[in-house]
Amino acid sequence: MIEVKNLTKLYGNKRAVNDLSFTINSGEVVGFLGPNGAGKSTTMNIITGYLSSTSGSVSVCGIDVLDDPMAAKRHIGYLPEIPPVYPDMTVAEYLDFVYELKGVKGTSKKKHLGEICEIVGISHVRDRVIKNLSKGYRQRTGLAMALVGNPDVLILDEPTVGLDPIQIIEIRNVIKELGRQRTVVLSTHILSEVEAICERVLVINNGSIVANDSPENLSADVSGEHKFVVRVAGPQDAVQAIIRASEGIRMAEFLGEHEKNSCDFVVESDPAVDVRKPLFYSLAKAGYPILMLKPMDMSLEDIFVKLTHSETVKKGAK
């Protein structure tokens, strides 16, 4: 759906993007993260056709953005950090203007815009002037603008910045619903949003990709550990012996009794072995049911800090 190959962007002697390559597949919801000045916004502006690259290529739905920008942009809905709405227009007037500006064809304007307003939850404010709306509803109007023309790809830059917690949850739910039928690239500094919405995370720092994986896999890769906590109903010694004897288990240490007649253990496993099934069968066979099993993952915030800080330190040490 989006293919970036050897992308480089220079501003004079400043290398904002450095030989960047990645692919985002159809139907994925991907978080695009990076500290300020990392090259994130530059990359997004090149993908959407707002900037040209110094070298390399970007294709959207198989169309090279540089060779045929108009055709590529028909597949893209872009919401910048500050929604480009006209405050003196009503919501309906603004969306009508965007529809005409994009040259949407093959669909009833009234039906199309009505469906978009339903999706983002602004049907009841369509006749209100945009400057009189709350920031949350202005943000929803910007999101509606990005959806005009029913694009295959949505690129959202800080879509919840400045919103209150209730508004953030509402916009987050809208984005999750949109991700069921479209490819979504979400850039944000609110890492809990990425954990809640995104299937995969791209982390950029100093113009280069430093991580590209699911949040779960990044946690294991960055920490170098594969640990989880398991709670089992049964006596400590017997349960611990069974866990330690199971395939792929490296370590099992007793944590304590946090529920009556049960034991908690921290367990480390071999990264190459999925230990859940053999562990379940071994304990079930002995009559000791698993009451809880949860990974001891690093948070996305911890991962982000470790990746970007270590890369910055390396660069400064050169």
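Check the entry above for the structure.
Because the structure is a prediction, the values reported are computed rather than measured. (Residues numbered from 1 in each chain as written. Predicted model: local features only at pLDDT ≥ 70, side-chain atom pairs only at ≥ 80, totals over all residues. Heavy atoms only, no water.)

Undergrad: Got a minute to help me understand the sheet that holds strand β14 (residues 290–295) in this structure?
TA: Remark on secondary structure: sheet strands pair via backbone hydrogen bonds, oriented parallel or antiparallel. In space, the four strands of this open sheet follow the order β12-β13-β11-β14, with antiparallel pairing throughout. Single-partner strands in this sheet number two, and they are β12 (249–256) and β14. The average undirected angle you get between the axes of adjacent strands in this sheet is 20°. One ladder, built from seven bridges, connects strand β11 (residues 227–233) with strand β13 (residues 262–269); its direction is antiparallel. By the bridge assignment, Lys-227 is partnered in β13 with Glu-268. Along the sheet face, helix α9 (residues 236–245) touches β11, β12 and β13 and points at about 160° away from the line of β12. (Pairing = 2+ DSSP bridges. Helix = DSSP H or I, 4+ residues; strand = E, 2+ residues; numbered from the N terminus. Axes fitted to C-alpha atoms, helices over the stretch in contact; angles between N-to-C directions. Contact = heavy atoms within 4.5 Å.)

Undergrad: Would you mind showing me how to read unusual backbone geometry here?
TA: Glycine aside, residues mostly have negative phi, and peptide bonds are mostly found in the trans state. With a phi close to 50°, Asn-206 is a non-glycine residue in the positive phi region. Relative to the helices and strands, Asn-206 resides in the loop between β9 (200–205) and β10 (208–213).

Undergrad: For this particular structure, what's the right way to read helix α5 (residues 135–147)?
TA: In an α-helix, one full turn covers 3.6 residues, which means residues spaced three or four apart are oriented alike. In this model α5 runs 19 Å from its N-terminal to its C-terminal C-alpha over 13 residues, within 8% of the 18 Å that 1.5 Å per residue would give. Most of α5 is tucked away: 10 of the 13 residues are buried. Turning to α5, its buried residues are Gly-136, Gln-139, Arg-140, Thr-141, Gly-142, Leu-143, Ala-144, Met-145, Ala-146 and Leu-147. Its buried side turned inward, α5 meets β6 (76–79), α3 (91–102), α4 (109–120), β7 (153–157) and α6 (165–178). (Expected span 1.5 Å × (residues − 1). Buried < 20%, exposed > 50% of the residue type's maximum accessible area, 1.4 Å probe, protein only.)

Undergrad: It is not clear to me how a nonpolar patch on the surface should be interpreted in this structure. Could you clarify?
TA: A cluster of nonpolar side chains, Tyr-86, Phe-97 and Leu-101, forms an exposed patch at the surface whose accessible area comes to about 320 Å². One can find Leu-101 in helix α3. By relative accessible area, which is 64% here, Leu-101 ends up exposed. (Patch = residues over 30% accessible without salt bridge, like charges linked within 9 Å, V, L, I, M, F, W, Y side chains within 5 Å. Areas by Shrake-Rupley, 256 points an atom, 1.4 Å probe, with all protein chains shown as cover. Salt bridge = Lys/Arg side-chain N within 4 Å of Asp/Glu carboxyl O.)

Undergrad: What is the right way to read the pattern of salt bridges from this model?
TA: Oppositely charged side chains can pair when the atoms bearing their charge come close. Counted according to the given criterion, the structure contains 12 salt bridges. For Glu-177, the salt bridge is made with Arg-180, and the minimal N-O distance between the two is 3.0 Å. Its relative accessible area of 47% is what places Glu-177 among the partly exposed residues. Since its relative accessible area comes to 64%, Arg-180 is described here as exposed. Residue Glu-259 pairs with Arg-231 through a salt bridge whose shortest N-O separation is 3.2 Å. With Glu-259 in the loop between β12 and β13 and Arg-231 in strand β11, this pair connects stretches of sequence that are 28 residues apart. Residue classification places Glu-259 among the partly exposed residues on the basis of a relative accessible area of 36%. With a relative accessible area of 15%, Arg-231 lands in the buried category. What emerges from the salt-bridge pattern is a single network uniting Asp-96, Glu-100 and Lys-109.

Taken by themselves, the reported measurements are silent on function.
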